[in-house]
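Results of the structural survey
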Amino acid sequence: MKKKVALHNLGCKVNAYETEAMGQLFEKRGYEIVPFGKEADIYIINTCTVTNVADRKSRQMLHKAKKMNENSLVVAVGCYAQAFSKELEKDELIDIIVGNDRKKEIVDIVEQNIKETIIDINDTSVAGEFEELNIESIKEHTRAYIKIQDGCNQFCSYCIIPYARGRIRSRRPENIMKEIGRLTDAGYQEVVLTGIHLTSYGKDFEDGISLIDIIEMIGKIPEIKRIRLGSLEPRVITDEFMRRLTKVQSFCPHFHLSLQSGCDETLKRMNRKYTCSEYMEGCETIRKYYEDAAITTDVIVGFPEESDEEFEVTKKYLRDVNFAQMHIFKYSKREGTVAAANKNQVDDRVKSARSDVLIKLGREMHLEFMNKYLGKKVPVLFEEIIKVDSVEYYMGHTMEYLKVAVKTDKNLQNQILEVEITQVLNDEIVLAIL
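Residues numbered from 1 in each chain as written. Predicted model: local features only at pLDDT ≥ 70, side-chain atom pairs only at ≥ 80, totals over all residues. Heavy atoms only, no water.

**Regarding the nonpolar core**
Applied cut-off: To form a nonpolar core, buried Ala, Val, Leu, Ile, Met, Phe, Trp, Tyr and Cys residues must be joined to one another through side-chain atoms within 4.5 Å. Summary of the burial criterion: residues with accessible area below 20% of their type's maximum are buried, those above 50% are exposed, and those between are partly exposed, where the area comes from a 1.4 Å probe applied to protein chains only. Two residues form a contact once any of their heavy atoms are found within 4.5 Å.
Counting residues in hydrophobic clusters, the biggest one holds 67 residues, and the most contacted among them are Ile218 and Phe255. Ignoring sequence-local partners within four residues, the contact set of Phe255 consists of Leu232, Ile237, Met242, Leu245, Ile286, Tyr290, Ala293, Ala294, Ile295 and Thr296. Counting residues in each nonpolar core, the second largest holds 21 residues, with Ala6, Leu10, Ile45 and Ile94 among its members.

**A few points about the packing of helix H9 (residues 239-246) against helix H11 (residues 276-289)**
For clarity, the cut-off: Each axis is a line fitted through C-alpha atoms, and for a helix only the stretch in contact is used; angles between axes span 0 to 180 degrees, taken between their N-to-C directions. Secondary structure follows DSSP: runs of H or I at least 4 residues long count as helices, runs of E at least 2 residues long count as strands, and numbering of each begins at the N terminus. To sort the angles, those under 35 degrees are grouped as roughly parallel, those over 145 as roughly antiparallel, those from 65 to 115 as roughly perpendicular, and the leftovers as oblique. The sense of a crossing depends on the near helix, which, turned anticlockwise from the far helix by less than a right angle, makes the crossing left-handed and, turned clockwise, makes it right-handed. Under the convention adopted here, Pro, Cys and the residues Ala, Val, Leu, Ile, Met, Phe, Trp and Tyr are nonpolar, Asp, Glu, Lys and Arg are charged, and Gly plus all remaining residues are polar.
Where H9 meets H11, the axes come as close as 10 Å, and the angle between the chain directions of the two elements is 30 degrees. The angle between H9 and H11 places the two elements in the roughly parallel class. Relative to H11, the crossing made by H9 is right-handed. On H11, the residues that touch Asp239, Met242, Arg243 and Thr246 of H9 are Thr285, Ile286, Lys288 and Tyr289. Classifying every residue of the contact of H9 with H11 gives three nonpolar, two polar and three charged.

**Here's the deal with helix H1 (residues 13-28)**
Worth spelling out the cut-off: Helix span, as expected, comes to 1.5 Å for every residue beyond the first.
Across its 16 residues, H1 extends 23 Å between first and last C-alpha, which sits within 8% of the 22 Å expected from 1.5 Å per residue. Buried residues of H1: Val14, Asn15, Tyr17, Glu18, Thr19, Ala21, Met22, Gly23, Gln24 and Phe26, and no others. After H1 finishes, the residue Gly30 shows a positive phi value of roughly 95 degrees.

**Here's the deal with the side chain of Glu310**
One can find Glu310 in helix H12 (residues 308-321). The exposure class of Glu310 is buried, given its relative accessible area of 12%.

**Examining the sheet that holds strand S10 (residues 226-229)**
We count it as follows: DSSP bridges decide pairing: two strands pair if at least two such bridges lie between them.
Judged by pairing direction, the sheet is mixed, and its four strands sit side by side in the order S8-S7-S9-S10 without closing on themselves. Of all strands in the sheet, those bounded by a partner on one side alone are strand S8 (169-170) and S10. In this structure, strand S7 (residues 143-150) lies alongside S8, joined through two bridges in antiparallel fashion. Note on S8: the bridge partner recorded for Gln149 is Ser170. In this fold H1 packs onto S7 and strand S9 (190-195), with an angle of close to 105 degrees to the strand it touches most, S7.

**What to know about the packing of aromatic side chains**
What characterises a pair of aromatic rings is the spacing of the ring centres plus the angle enclosed by the ring planes. Under the convention used in this document: The pairing test for Phe, Tyr and Trp rings, Trp by its six-membered ring, is centres within 6.5 Å, and the orientation test on the planes gives stacked under 30 degrees, edge-to-face over 60, and tilted for anything in between. Criterion for a charge above a ring: Lys NZ or Arg CZ within 6 Å of the ring centre, and within 35 degrees of the ring normal.
Tallying each qualifying case throughout the model produces 15 aromatic pairs. Centre to centre, the rings of Phe26 and Tyr31 are 5.2 Å apart; their planes meet at 90 degrees, and the pair counts as edge-to-face. Side by side, Phe26 and Tyr31 carry an identical accessibility label, which is buried. The interplanar angle of 45 degrees and the centroid separation of 6.1 Å between the aromatic rings of Tyr274 and Tyr279 together place this pair among those described as tilted. Three or more aromatic residues joined by ring pairs make a cluster, and in this case those are Tyr274, Tyr279, Tyr317 and Phe323. Here Arg172 stacks its cationic end above the ring of Phe205, 4.3 Å away from the centre of that ring. One residue, Lys376, lies across the ring of Tyr373, its end atom 5.1 Å from the ring centre.

**Regarding the pattern of salt bridges**
Side chains that differ in sign of charge can pair as their charged atoms come close. How we decide: The term salt bridge refers to a pairing of a side-chain nitrogen on Lys or Arg with a carboxyl oxygen on Asp or Glu at a separation within 4 Å.
What the rule picks out here adds up to 34 salt bridges. Its salt-bridge partner being Arg334, residue Asp55 comes within 2.1 Å of it at the nearest N-O pair. Highlighted residues: Asp55 in helix H2 (residues 52-68) and Arg334 in the loop between strand S13 (325-330) and helix H13 (348-371), separated in sequence by 279 residues. Here Asp55 and Arg334 have matching classes, each one buried. We note a salt bridge from Glu428 to Lys403, for which the minimum N-O separation is 3.5 Å. With Glu428 in the loop between strand S17 (416-424) and strand S18 (429-433) and Lys403 in strand S16 (residues 403-406), this residue pair connects regions lying 25 residues apart in the sequence. Judged by its relative accessible area of 42%, Glu428 is partly exposed. Since its relative accessible area comes to 28%, Lys403 is described here as partly exposed. Among the charged side chains, a network of salt bridges with common partners joins Glu18, Asp101, Lys103, Lys147, Asp150, Arg165 and Arg169.

**A closer look at the side chain of Asn46**
To keep things clear, this is the line we draw: The term polar contact refers here to a pair of N or O atoms within 3.5 Å; inside protein, the definition further demands a hydrogen-donor-capable atom paired with an acceptor-capable atom, and it admits residues adjacent in sequence only when both atoms are side-chain atoms.
Checked against the element boundaries, Asn46 lands in strand S3 (residues 42-47). Given a relative accessible area of 0%, Asn46 falls into the buried group. A polar contact is formed between the side chain of Asn46 and the side chain of Thr19, at a distance of 3.0 Å. Dropping the residues within four chain positions of it, Asn46 is found in contact with His8, Asn9, Leu10, Asn15, Glu18, Thr19, Met22, Val77, Gly78 and Lys103.

**Let's talk about the pairing of strand S15 (residues 391-397)**
Strand residues, when the strand is regular, have side chains that alternate between the two faces of the sheet. In terms of burial, S15 is largely enclosed, as five of its seven residues are buried. In this sheet, S15 lies alongside strand S14 (residues 377-388) in antiparallel orientation, the contact comprising seven bridges. Bridge pairing in S15 places Ile385 opposite Tyr394.

**Details of the environment of Ile221**
Inspection of the secondary structure puts Ile221 in the loop between helix H8 (211-219) and S10. In the structure, Ile221 is positioned 14 residues away from Asp207 in sequence and 23 Å away in space, judged by C-alpha atoms. Leaving out residues up to four positions away in the same chain, Ile221 has contacts with Met177, Ile180 and Thr184.

**Considering H11**
Taking 1.5 Å as the rise per residue, H11 with 14 residues should run 20 Å; its terminal C-alpha atoms sit 21 Å apart, in good agreement. For H11, the complete set of buried residues consists of Cys276, Tyr279, Met280, Gly282, Cys283, Thr285 and Ile286. Elements in contact with the buried residues of H11: H9, strand S11 (254-256), helix H10 (264-270), strand S12 (294-301) and H12.

**Quick notes on the sheet that holds S17**
If you walk around this closed barrel you meet the five strands as S14-S15-S16-S18-S17, and the pairing is mixed. With strand direction ignored, the average angle separating the axes of adjacent strands in the sheet is 50 degrees.

**A few points about the environment of Ser307**
Of note, Ser307 is situated in the loop between S12 and H12. When its relative accessible area of 25% is taken as the criterion, Ser307 is described as partly exposed. Distance in space between the C-alpha atoms of Ser307 and Thr266 is 9.4 Å, their sequence separation being 41 residues.

Written out as structure tokens, the structure reads:
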């Protein structure tokens, strides 16, 4: 009888990719993959440590696994396991702890069935090799996320990820292309290139290969109709980068440019490596080449020492950039970081109030972005059936990642079709006709 394995992912798209890859490793070795929440012999929890809340969720899911089957093997992998392995070693409910550079050995480690901790990248000053995890298919999705980079050398004052993921490591182009070949064989038409710090792709290579080179290589594959990028740093946006991008017909003009604050003083305390004027210059460069590009971002409110005046500067700056969408996060104190040691922490009530203001602003800007598309004809890759107010629609995305819904009885799954945008359905979705 096959042993049952349940996997649960916490955190970013990179973690999601790795969880999928680990599941496929178990399947190849004859294990049965079951949903997390069902009784299993082995539970694999890919943890996250980006905030204290993520730490808490990681611990909760590890404990939940053991409660579902007290005789199961509970395995903690990922960033929280890497950064706080000493704490997890004291937890009797957790059987095995595996760091970020040993996921490809997960089946062998589990089959040894020995309670132990396996951590490899504690020394963040030393660059390692990219860990090859591969995906051949992705369940229930029409787009494939492909991890091409790991690690971060930025050491922002609020972030523990460089300590959990180690120094930057890039995936060799030939291995990326092999994985894309397997995914196109499985019918995927869209790929999303992801990494912990995607902008650093190729910086550890001696042959000069960079992110734009990879995009161009993938752009020559006829089966790939769409190429998307994960989060970028503004310094990657140059005239040369953009000129080359425009020649890649399958590139999707959706740029997630990490900002975090619209105030230079706050950016300095965050140890970000750009100014607001440099960031704005990047946005202007994008719009010079792609007039209707979607520029999205992340913003942290209530960072230590953020005054009312600094917050107002950020609010005005966000309006000036005019983002298509924003993800707003309240600053979460991260033990072990420089920012956590700052004695001038912002009151939680102030953080919440500022967050509400920016969320409202983000909705207003996103509505403006959606309204720009009314009456336009655009190609949409259809992905799934959704229900809105009890009405069924087929939903997909434009190249700018705008959500589009069509009312139809046809099966549109994984088809790219031109539609005409007719109206705004709600805060997130526009309606269209075929």
